[in-house]
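The lines below spell out each chain.
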Amino acid sequence: CGTSGSDDGDVSTATLDSPTGIQYLDEKLYICQTSNEYVRVVDLTSNQVTRIGSYWCSRGVTTDGTNLYFSRNNQMRRYKISDGTNQFFNGVNAWDLSYYNGYVYIATHTHIKRMDVATEVITDIVGTGVEGTTDGDFSVATVKADRISASNGEVTFSFLSDVVIRKFEVAG
């Protein structure tokens, strides 16, 4: 995978193009490619690189251990690994995603949202809808985020071109 492109095959000859998100699960790497919006799969057991059907991803990928969640500017998609079915969540404006303790945390540029995986309810948790970096109570804090990571009881987020990384604590 040293040459830019989208060729499948053995890892020694397969190509990737502008990977932006990566997730490890069950001896496989799932990679989002910005340039062509393919989801590439690197099987670490067979050393083969393939593509998941026509499923696209241009930003981030995360997993709850059963499903993969992909983001692409104004949508989020859940892909069920066991049978290949998928579901769209329109209007979410997902730029990046991160799973932690039953929730998918979503960076939407001006909000941080979370989806309860069990109920599929999506709620705003931080942000007023105005882009910014004002700290404070979740209801008044402003957000500028296109990257997010949730783990160990914290959610961290940032905007790629900024030098500010912000965080808040979550239960669990």
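Preceding block: the structure.
What counts as what
- Residues numbered from 1 in each chain as written.
- Predicted model: local features only at pLDDT ≥ 70, side-chain atom pairs only at ≥ 80, totals over all residues.
- Heavy atoms only, no water.
- Phe/Tyr/Trp six-rings, centres within 6.5 Å; stacked < 30°, edge-to-face > 60°.
- Buried < 20%, exposed > 50% of the residue type's maximum accessible area, 1.4 Å probe, protein only.
- Lys NZ or Arg CZ within 6 Å of the ring centre and 35° of its normal.
- Pairing = 2+ DSSP bridges.
- Helix = DSSP H or I, 4+ residues; strand = E, 2+ residues; numbered from the N terminus.
- Axes fitted to C-alpha atoms, helices over the stretch in contact; angles between N-to-C directions.
- Salt bridge = Lys/Arg side-chain N within 4 Å of Asp/Glu carboxyl O.

Re the packing of aromatic side chains
Alright, step 1. Enumeration over the complete set of coordinates arrives at four aromatic pairs.
Alright, step 2. With a centroid separation of 6.5 Å and 50° between ring planes, the pair formed by Phe70 and Tyr79 is classed as tilted.
Alright, step 3. Phe70 sits in the buried class, given a relative accessible area of 0%.
Alright, step 4. Positioned above the aromatic ring of Tyr38, the side-chain terminus of Arg51 is 4.0 Å from the ring centre.
Alright, step 5. Here the guanidinium or amino end of Arg114 rests over the ring plane of Tyr103, the centre of that ring lying 4.2 Å away.

So, the sheet that holds strand 9 (residues 86-90)
Alright, step 1. The strand order across the open sheet formed by four strands is 6-7-8-9, and the pairing between neighbours is antiparallel. Single-partner strands in this sheet number two, and they are strand 6 (61-63) and strand 9. The average undirected angle you get between the axes of adjacent strands in this sheet is 20°.
Alright, step 2. Bridge analysis of strand 8 (residues 75-80) against strand 9 gives five bridges, and the strand direction is antiparallel. The residue bridging Arg78 from the neighbouring strand is Gln87, located in strand 9.

Let's talk about the pattern of salt bridges
Alright, step 1. Across all of its chains, the model carries six salt bridges by this definition.
Alright, step 2. Close ionic contact of Arg78 with Glu120 constitutes a salt bridge, the shortest N to O distance being 2.5 Å. Placement of the pair is Arg78 in strand 8 and Glu120 in the loop between strand 12 (112-116) and strand 13 (122-126), with a sequence separation of 42 residues.
Alright, step 3. We classify Glu120 as partly exposed; its relative accessible area is 33%.
Alright, step 4. A salt bridge links Lys113 to Asp124; the nearest nitrogen and oxygen atoms lie 2.4 Å apart.

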